[in-house]
Amino acid sequence: MHGDFSRVTYDPARRFSSVLSQQGRVQLDAEINEQTAILLHYVRTLAADLLGPAAYPPDKDEDSLGGFGVDGFDGDTFSVAPGRMYVDGILCECDGTDYWDQPDGHLASDLEDDRLPSGPFLVYLRVWERLITAVEAPWIREVALGPGGPDTTARTRVVWQVCRLPLEPGSLRPDMRSAPRLLLDRIRGDFEPRGRLAARTRRPDEELAAAGLHPSSGYRGPENQLYRVEVHQGGTVGMATFKWSRENGSVVLPVREIDGATVELETLGRDDKLGVDIGDVVEIVDDAAVCRSASDRPDARCGRLYTVREVDYAGYGVVLDAEPTGAGRRPSLHPFLRRWDSECGEGGTALPVREGAWLPLEDGIEIRFSSSNGPHVYRRGDYWLIPARVLTGDVEWPRSREGEPLRRRPHGVHYRYAPLAYVDPRGDGFELVDLRVPLRHRR
């Protein structure tokens, strides 16, 4: 999550059950956040163990479909019933909607990937968590701190999206038992083998060291940082690209208006370190862009990056190298500009993913994408967090017994899935099979 964190310390493998404060000690954001993560892990694991991977409590009204029940298919849309559902222990709540109007769907009827198939398909739920700051939710900010005052905490929000998975005509019809495996095999299979990453600080050149020369090695940055390496365009090597930020991508500036290549902002940032300047690489994002970035296709297209060409310090405006398209033009979607610290290529492309070679970021930090059992698949939005510390001159990254940095799967985003229904259009009618598991029928 793109928060202004010092680091993220929670690791379920350590089996910690609580974080205990001690008198007279400094309190850190990472420790408070770890306590929250420990509690969430316990509650959600307990719920998943008791309820199973996905289950819903049936409504007492026998005529009600219960939470996330699918009905009313007419070839173009279907309804989704109000209620609750637990997916891997995560509580999802629906107030009642239909396929096109779901709150976090942001679907477009002119896109083939969004329209319902003419043949049989599986309706399923995709669940993940999104970071919400005062930029996306202004009411989080305490007005007593004054206009334009500092923001304080952020929130995480459960996002559920009702999606469709086309099936081959004449294929075996899934039932309540087979649907979860079918869904996971189809979705997760497209992303295996999953791309991994290792991080380290630059090593001294042995030949130069033997000659009595000692080139600079280790982390050379002036401050502690939380680096974020994020996949921009998904796919395999040759298609996949990445971007990085030394601030975990947390430098975001609300957008007021876009006029051509000129973007008017609410602010240019608190200072030079947390602001935007000429030459910076940025992207324009809003609620719709964030939600649509969640895709179950490796080749899902991404938005472009922009380079700041001019800055109007008096008018809080920046001129980009191209006119923004897509996100950013609807104030109701809370548009903002996010700064990245990596470079971008011609046409706003991010850096190409190259496997098996150590790639420099800055100040001695290097990363290496998967180098064995390829080709690997990189999912759009996958990210890794790399804490860098001045005191040690190194990054915090797991190592083998020999001291070599280990390759790690992405730290996020974590998606959970649950089948809802099977729909097979037939002439003027359709067949609909409910695939949800009610609590009282769980074995």
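The sections below set out a description of the structure shown in this document. All of these numbers come straight from a predicted model, not from anything done at the bench. (Residues numbered from 1 in each chain as written. Predicted model: local features only at pLDDT ≥ 70, side-chain atom pairs only at ≥ 80, totals over all residues. Heavy atoms only, no water.)

1. Quick look at the overall build of the protein chain
A tally of regular secondary structure across the protein chain gives 4 helices and 24 strands. Its C-alpha radius of gyration of 24 Å places the protein chain within 12% of the 22 Å reference for a compact globule of 443 residues. Each principal axis of the C-alpha distribution contributes one length, and for the protein chain these read about 80 × 55 × 50 Å. Expressed as a percentage of its 443 residues, the buried residues of the protein chain come to 44%. Partitioning the contacts of the protein chain with sequence separation of at least 6, the portion at a separation of at least 24 is 71%. Carbon and sulfur atoms make up 49% of the accessible area of the protein chain, which totals about 23400 Å². (Helix = DSSP H or I, 4+ residues; strand = E, 2+ residues; numbered from the N terminus. Rg over C-alpha atoms; globule rule 2.2 N^0.38 Å. Buried < 20%, exposed > 50% of the residue type's maximum accessible area, 1.4 Å probe, protein only. Contact = heavy atoms within 4.5 Å. Areas by Shrake-Rupley, 256 points an atom, 1.4 Å probe, with all protein chains shown as cover.)

2. Section: the environment of Arg354
When you line up the elements, Arg354 lands in the loop between strand S18 (351-352) and strand S19 (359-360). Look at Arg354 and you get partly exposed, because its relative accessible area is 46%. Put simply, Arg354 and Asn224 are 130 residues apart on the chain and 27 Å apart in space, counted from C-alpha to C-alpha. For Arg354, the contacting residues outside a window of four places in its chain are Leu359 and Phe369.

3. Things to note about the sheet that holds strand S16 (residues 317-320)
Strand order in this closed barrel of 6 strands is S12-S13-S16-S15-S14-S17, and the pairing throughout is antiparallel. Averaged over all pairs of adjacent strands, the angle between their axes in this sheet comes to 50°, without regard to strand direction. Bridge count for strand S14 (residues 281-285) against strand S17 (residues 336-340) is 5 bridges, and the pairing is antiparallel. Residue pairing for S17: Ile284 is matched across the bridge by Leu337. (Pairing = 2+ DSSP bridges. Axes fitted to C-alpha atoms, helices over the stretch in contact; angles between N-to-C directions.)

4. Observations regarding the sheet that holds strand S5 (residues 90-94)
Taking strand neighbours across the sheet as the criterion, the 3 strands line up as S1-S4-S5 in an open arrangement whose pairing is antiparallel. The sheet is open, and its two edges are formed by strand S1 (54-55) and S5, each paired on a single side. The pairing of strand S4 (residues 83-87) with S5 spans 5 bridges and is classified as antiparallel. Looking at the pairing, Arg84 lines up with Glu93 of S5.

5. Focus: the side chain of Asp382
Its location among the elements puts Asp382 in the loop between strand S20 (365-369) and strand S21 (383-389). Apart from the residues lying within four places of it in its own chain, the contact partners of Asp382 are Arg194, Val229, Glu230, Val231, Pro410, Gly412 and Val413.

6. Digging into the nonpolar core
Judged by nonpolar contacts, the single largest core of 25 residues is most densely connected at Phe68, Phe78, Met85, Val123 and Leu125. For this core, the secondary structure elements donating two or more residues are S4, S5, strand S7 (121-132), strand S8 (155-166) and strand S23 (416-426). The contact partners of Met85, leaving out residues within four places of it in the chain, are Ala54, Ala55, Tyr56, Phe68, Ile90, Leu91, Cys92, Leu125, Ala418, Pro419, Leu420 and Arg436. (Core = buried A, V, L, I, M, F, W, Y, C linked by side-chain atoms within 4.5 Å.)

7. Focus: the pairing of strand S15 (residues 306-312)
Relative to S15, S14 runs antiparallel, the two sharing 2 bridges. Residue pairing for S15: Val282 is matched across the bridge by Tyr306. Relative to S16, S15 is paired through 4 bridges, and the arrangement is antiparallel. When the sheet's bridge partners are listed, Val311 is paired in S16 with Val318.

8. Remarks on the pairing of S21
In terms of residue burial, S21 counts as a mostly covered element, since 7 of its 7 residues are buried. Bridge count between strand S10 (residues 225-233) and S21: 6 bridges; the pairing is antiparallel. Bridge assignment links Glu230 to a residue of S21, and that residue is Tyr383. Bridge count between S21 and strand S22 (residues 394-395): 2 bridges; the pairing is antiparallel. Paired with Ala388 across the strands is Val395, a residue of S22. Counting the residues that bridge the hairpin from S21 to S22 gives 4 residues, and of these Gly393 lies at a positive phi of roughly 65°.

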